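# Examining the three-dimensional arrangement
Spelled out, the chains give:
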Amino acid sequence: MKIMWTYIVAGLTIFGLMLLVGIGLRASQAGWIPIDTGTFYSLLSLHGVGMITAMAIAGLGLLWYLVDREIHLDERVAMLAFAFFAIGVVVVIVSVVFGHYGALWTMLYPLPFVGTTWPSWATGAWLLGVAAVMLGFMLICAQILGAILRSSGGLGSALGLDYVFGRKAFEAAGKHPPSPQMLAATVVSIDGLIGGASGLLVGIAMIAHWLDPHVVIDPLWAKNLTYQFGHTFANLTMYMAVAGIYVALPICTKRAYHSSIPLVVAWWGTLVFVIIAYFHHLYMDFVQWPAVQYIGEISSYLAAVPVVVVTVFGGLMLIHRSGMKWTLGSMFFFAGMVGWIVGGSAAILDATIPFNVDLHNTLWVPAHFHTYLLEGVFLFILGWVFVSLEQRAEAASNALVRWIVGLGIFGGGALFLISFYVAGAAGVPRRYAVEPAPGPFWAGIATVGTLLILVGVLAALVEGIRLARMRAVGAAV
Ligand code: HEM
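Source: prediction; values computed, not measured.

### Digging into a nonpolar patch on the surface
Nonpolar side chains collect at one region of the surface, where Tyr-294, Ile-298, Tyr-301, Leu-302, Val-305, Val-309, Phe-313, Leu-316 and Met-317 lie side by side and expose about 840 Å² of accessible area between them. Mapped onto the secondary structure, Leu-302 falls in helix α11 (residues 290–319).

If you want it as structure tokens, here you go:
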């Protein structure tokens, strides 16, 4: 529990700070507050990497706890990884605040080295900071994967191969398939190690170039690795948080969420396709081997659809006629599943080549990933926090608090997201400090939405503190 709360509180604190930065960015795109372009790109770099890292830290805390419930994990390893995260976050902040680094988090080589308005040390600090975050991430993934492989006796059993291909004999022997949350942990840790290795590889190459500019890197090689890392890292935050659904929804509905053959096979799809779906970021790179463009499109569908459909369908079956009470915890999980489906569908649309021709690098891109991350991953983390607190105190929030939080986070969130979608569909480019029309108009509408989100988040914070201060009478989740 100590590790889980350390990670979740740290992740949510970074989220809160990055939320304020995000509101500032959107208000500046609306022309409501003056932020000069250099500062805008520095803050956007910080916001992007900070938010993804925040969700990863909180999600890993949740996942680590769920694995630790079934297989004992050494807390010291988790604290060492936490130290890497902390060092990385501080170094990245120094690079942005004091060095004004502004080439964003999935930058394209040689961008951070050419024509920069910031000193060279800021680029180095950024690369080293992100590398430290990757080391922390890979350490946790290695710890989780190692424990799962040891306890299950190998990768085949950890992935439920013997269960799927010999179910009768498997069940006759009294064995049980891996629980859904352990499947999520296995997939996250394997894909996390692959994504982290790509990130470190390109990161080390760039650090070598930073130290000695004679070291030249192939830009297409760098782009492939940067997006393999960036896409995988951001995408996996969802699969970490999804593990919470499998444990918390049964608590809310008083029903069990079992592993089934479709669920196990769906996770196999996610395992393979998450690491190759990133090709959809390179559709515009005409020098790329054409076959991988098709792989990008097909794997984008296959990576997400099975697990989303099986998990959300299973979740809805659990809720249907269960008499589940609407508490903040159950509300967040339910709304998170909606956000996951909406954001996932918008992502798949963008990954479809004929649509990508129009939507590439427009605000449609932040539209879909903010839906998926803000109204999906973040809500699953909040859902987990509130189900844990409600269980512990055997208490729930009153209807007024639920309405304020709901209108703020879901209502304000809808306003914020719709503005991104509409502007994106109108062709407004992403990552522009000063947007062409109708960008500023929609940025204004979005800013109103972000202020409502802030109200909802603050109300949830106050309510969370109230529940956490209540006497513990119930069992831990
Ligand atoms: C209300 C909350 C938020 C606000 C107001 C906000 C605002 C923004 C804005 C204005 C942009 C720039 C869009 C553009 O013109 O390209 C942006 C980009 C981004 N945001 Fe957010 N955001 C919020 C929440 C989140 C969350 C929860 C995450 C992730 C967990 C996130 C991750 C990112 C990323 C990765 C980028 C892209 C950065 C880049 O282009 O390099 N944001 N956000």
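### Let's talk about the domain arrangement of the chain
Here the chain is described as being made up of domain 1 (1–324) and domain 2 (326–477). Look at where the C-alpha atoms of domain 1 and domain 2 centre, and you get two points 18 Å apart. Approximately 4800 Å² of surface area, both sides summed, lies buried where domain 1 meets domain 2, with 79% of it carried by carbon and sulfur atoms. Area buried by domain 1 at its contact with domain 2 is led by Arg-26, Gln-29 and Met-238, which between them contribute 15% of it. Inspection of the region where domain 1 meets domain 2 yields 1 salt bridge. With a closest N to O distance of 3.6 Å, Arg-26 and Glu-435 form a salt bridge. Of all the elements in the fold, those that place two or more residues in the side of domain 1 that touches domain 2 are α1 (2–29), α2 (37–70), α9 (219–253) and α11. The biggest single contributor to the side of domain 1 that touches domain 2 is α9, with 15 residues.

### Quick look at the pattern of salt bridges
The tally for this structure, following the rule as stated, stands at 6 salt bridges. A salt bridge links Asp-74 to Arg-76; its shortest N-O distance comes to 2.8 Å. Residue classification places Asp-74 among the partly exposed positions, given a relative accessible area of 29%. Since its relative accessible area comes to 65%, Arg-76 is described here as exposed. Residues Arg-466 and Glu-463 are paired through a salt bridge, measuring 2.9 Å at the closest nitrogen-oxygen approach. Placement of both Arg-466 and Glu-463 in helix α16 (residues 439–469) is noted, with a separation of 3 residues, approximately one turn of the helix. Of the residues examined, Arg-466 reaches a relative accessible area of 39% and is grouped as partly exposed. What makes Glu-463 buried here is its relative accessible area of 6%.

### Remarks on the packing of α1 against helix α14 (residues 364–393)
Axis separation between α1 and α14 bottoms out at 12 Å; the angle between their running directions is 135 degrees. Of the possible angle classes, the one that applies to α1 and α14 is oblique. The interaxial crossing formed by α1 with α14 has left-handed handedness. Contact with α1, carried on its side by Met-4, Trp-5, Ile-8, Leu-12 and Phe-15, involves Leu-374, Phe-378, Ile-381, Leu-382, Trp-384, Val-385, Ser-388 and Leu-389 of α14 and no other residues of that element. Here the residues of the contact of α1 with α14 are counted per class, giving 12 nonpolar, 1 polar and no charged.

### Concerning unusual backbone geometry
Omega for the peptide link from Tyr-109 to Pro-110 comes to 5 degrees, which places this bond in the cis form. Positionally, Pro-110 belongs in the loop between α3 (75–97) and α4 (120–152). Here the amide bond leading from Ala-437 into Pro-438 is cis, since omega sits at 5 degrees, within 30 degrees of zero. As for its position among the elements, Pro-438 is in the loop between α15 (399–425) and α16.

Cut-offs used in this document
Residues numbered from 1 in each chain as written. Predicted model: local features only at pLDDT ≥ 70, side-chain atom pairs only at ≥ 80, totals over all residues. Heavy atoms only, no water. Patch = residues over 30% accessible without salt bridge, like charges linked within 9 Å, V, L, I, M, F, W, Y side chains within 5 Å. Areas by Shrake-Rupley, 256 points an atom, 1.4 Å probe, with all protein chains shown as cover. Salt bridge = Lys/Arg side-chain N within 4 Å of Asp/Glu carboxyl O. Helix = DSSP H or I, 4+ residues; strand = E, 2+ residues; numbered from the N terminus. Domains from an automatic or database assignment. Buried area = accessible area lost by both parts, 1.4 Å probe. Buried < 20%, exposed > 50% of the residue type's maximum accessible area, 1.4 Å probe, protein only. Axes fitted to C-alpha atoms, helices over the stretch in contact; angles between N-to-C directions. Parallel < 35°, antiparallel > 145°, perpendicular 65-115°, else oblique. Left-handed = near helix turned anticlockwise from the far one by under 90°. Contact = heavy atoms within 4.5 Å. Nonpolar A, V, L, I, M, F, W, Y, C, P; charged D, E, K, R; others polar.

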